[in-house]
Amino acid sequence: MYAYNPRKLEADVLRGLMRLPEFELSGFTARAGLTGCGVTVLKDRSFFGSWRASERTLTWTYANGGGSVYFAQTVEQAIRHTMLMVLRSLEAQRRAAA
C-alpha cells in the first residue's frame, strides 16, 4: 500500500518547477520552505507564494492574496497553477510598464 508522504509531494513540486527553464528565466525561483516544510516561490527576492502538502492535497497560498488559497490534487496541477500565476504576474508587469 502507498504510504502518504507530504514532504515527498512537496519535493516533487520543487523538482518539477526547477526543471522548467521558463520558470527561472522569468525571474522566479523556488526552494524548500524555511521550516523544512513546503515550497517557497520567490519573484526576484520577494515572496510570491508557497505550496504545502496536507491531507493528500497541495495548498497554494498567495503572497498578497488576503488569505485566498488554491488546492491541487496532483503535483502536475500544482506546477501548472504555479506557472499560470507566473504568467499572470509577468502580464501585469508588462501592462504596468506600458
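Relevant structure appears above.
All of the points below concern the structure found in this document.

### Re the overall build of the protein chain
The helix and strand inventory of the protein chain stands at 3 helices and 5 strands. For the protein chain, whose C-alpha radius of gyration is 13 Å, the value lies close to the compact-globule estimate of 13 Å for 98 residues. Projecting the C-alpha coordinates of the protein chain onto the three principal axes gives extents of approximately 55 × 30 × 25 Å. Burial analysis of the protein chain (98 residues in total) assigns 36% to the buried set. Considering only contacts within the protein chain whose residues lie at least 6 apart along the sequence, 36% involve residues at least 24 apart. Surface accessibility of the protein chain: about 6300 Å² in total, with carbon and sulfur atoms responsible for 55%. In the protein chain, the 13 positive side-chain charges and the 8 negative ones have mean positions that sit 2 Å from each other.

### Focus: the sheet that holds strand β4 (residues 57-62)
Taken in spatial order, the 5 strands of this open sheet run β1-β2-β3-β4-β5, and their pairing is antiparallel. The sheet is open, and its two borders are formed by β1 (28-32) and β5 (69-72), each paired with just one other strand. Ignoring which end each strand starts from, the neighbouring axes of this sheet average 20 degrees apart. Note that strand β2 (residues 39-43) and strand β3 (residues 46-54) share 5 bridges and pair antiparallel. Along β3, the bridge assignment pairs Lys-43 with Ser-46. Together, β1, β2, β3 and β4 form the strand contacts of helix α1 (residues 6-18), whose direction differs from that of β3 by roughly 140 degrees.

### Points about the packing of α1 against helix α3 (residues 75-97)
Running from N to C, α1 and α3 point in directions that differ by 45 degrees, and their axes come no closer than 9 Å. Relative to α3, α1 is oriented oblique. Considering the relative orientation of α1 and α3, their crossing is right-handed. Taking contact as the criterion, the partners of Leu-9, Asp-12, Val-13, Gly-16 and Leu-17 in α1 are, on α3, Val-75, Ala-78, Ile-79 and Thr-82. Its residues assigned to classes, the contact of α1 with α3 comprises 6 nonpolar, 2 polar and 1 charged.

### Describing α3
Along its 23 residues, α3 runs 33 Å from first to last C-alpha, staying within 8% of the 33 Å computed at 1.5 Å per residue. Within α3, burial applies to Val-75, Ala-78, Ile-79, His-81, Thr-82, Met-83, Met-85, Val-86 and Ser-89.

### Brief notes about the side chain of Ser-50
Inspection of the secondary structure assignment puts Ser-50 in strand β3. For Ser-50, a relative accessible area of 19% translates into the label buried. Each residue touching Ser-50, except ones within four places of it in the same chain, is listed here: Val-39, Thr-40, Thr-59, Trp-60 and Thr-61.

Reading the values: rules and limits
- Residues numbered from 1 in each chain as written.
- Predicted model: local features only at pLDDT ≥ 70, side-chain atom pairs only at ≥ 80, totals over all residues.
- Heavy atoms only, no water.
- Helix = DSSP H or I, 4+ residues; strand = E, 2+ residues; numbered from the N terminus.
- Rg over C-alpha atoms; globule rule 2.2 N^0.38 Å.
- Buried < 20%, exposed > 50% of the residue type's maximum accessible area, 1.4 Å probe, protein only.
- Contact = heavy atoms within 4.5 Å.
- Areas by Shrake-Rupley, 256 points an atom, 1.4 Å probe, with all protein chains shown as cover.
- Lys, Arg positive; Asp, Glu negative; His and termini not counted.
- Charge placed at Lys NZ, Arg CZ, Asp CG, Glu CD.
- Pairing = 2+ DSSP bridges.
- Axes fitted to C-alpha atoms, helices over the stretch in contact; angles between N-to-C directions.
- Parallel < 35°, antiparallel > 145°, perpendicular 65-115°, else oblique.
- Left-handed = near helix turned anticlockwise from the far one by under 90°.
- Nonpolar A, V, L, I, M, F, W, Y, C, P; charged D, E, K, R; others polar.
- Expected span 1.5 Å × (residues − 1).

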